[in-house]
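Read off the chains here:
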Amino acid sequence: MKMMNELVWLPPLLFILHDMEEIVWALAWKRGEMGRKRYLQMRFTPFGTADSTGGFSFCVYEELLILTAASLLGRCCGFYGLWFGLLAANILHLVVLHLVGTTLVYRSYVPGLVTAGLTVIPAVWVLIRAERLLGYTGWQLTAWVVLGVAIAGGNLRFLHRRASKIGAWVERSMADI
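Rules and cut-offs
- Residues numbered from 1 in each chain as written.
- Predicted model: local features only at pLDDT ≥ 70, side-chain atom pairs only at ≥ 80, totals over all residues.
- Heavy atoms only, no water.
- Phe/Tyr/Trp six-rings, centres within 6.5 Å; stacked < 30°, edge-to-face > 60°.
- Helix = DSSP H or I, 4+ residues; strand = E, 2+ residues; numbered from the N terminus.
- Buried < 20%, exposed > 50% of the residue type's maximum accessible area, 1.4 Å probe, protein only.
- Core = buried A, V, L, I, M, F, W, Y, C linked by side-chain atoms within 4.5 Å.

Colleague: Can you lay out the packing of aromatic side chains for me, pointing to particular residues and giving the numbers?
Modeller: Under the definition given, this model contains three aromatic pairs. When the centroid spacing of 5.2 Å and the interplanar angle of 70° are considered together, the rings of Phe58 and Trp169 count as edge-to-face. Of this pair, Phe58 sits in helix α4 (residues 53–77) while Trp169 is found in helix α7 (residues 138–175), placing the two residues 111 residues apart along the sequence. Given a relative accessible area of 34%, Phe58 falls into the partly exposed group. Where Phe79 meets Trp144, the ring centres are 5.3 Å apart and the plane angle is 80°; that geometry is what we call edge-to-face. Of this pair, Phe79 sits in the loop between α4 and α5 (81–106) while Trp144 sits in helix α7, placing them 65 residues apart in sequence.

Colleague: Pulling in residues and values, what's your account of the environment of Ala150?
Modeller: You can see Ala150 is positioned in helix α7. Among the residues examined, Ala150 registers a relative accessible area of 48% and is labelled partly exposed. For the pair Ala150 and Ala89, spaced 61 residues apart in the sequence, the C-alpha separation amounts to 8.4 Å.

Colleague: Give me the lowdown on the nonpolar core, citing residues and values where you can.
Modeller: In terms of nonpolar packing, the biggest core is built from 29 residues, with Met4, Tyr80, Trp83, Phe84, Leu87 and Leu134 touching the most fellow members. Secondary-structure elements contributing two or more residues to this core are α1 (2–7), α2 (10–31), α4, α5 and α6 (113–134). Core analysis: the second largest hydrophobic core is formed by five residues, Cys59, Ala163, Ile166 and Val170 among them.

If you want it as structure tokens, here you go:
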């Protein structure tokens, strides 16, 4: 399990790398490119209702806390199931939303695309390596992946829908400091 103790910290680092690209470019892209280059209709808007960098950053921070807590739980308690499921969900997010979804819809650069391409390969490597080290059964793997996707997907949906309200709260909180 020594290898797992080291692998467990790679997903938060890959997440940070990917989300920094989104934090830096998402709002500028939303204001400019998004409305002009849509080729297909989608049921969601990339980066949700976010209209401030502070609010968007806070949403990313909340996601990072969940992934870091799952990593800490694995490292300290040897409980890696949730971590495995969240890692699988992150890989799905990178592939389905960034590398395929928004690429087909916009046919141009969408924030997160570059680092999705750079981080998906090491993330898949970590997932495969962890699967071999953990020795979970097929049913266990399936259950953890379904749970991880449900948690991450539900959280992402929640954050996307409330990003502008979170941004307003962050702005008000910063004004009081």
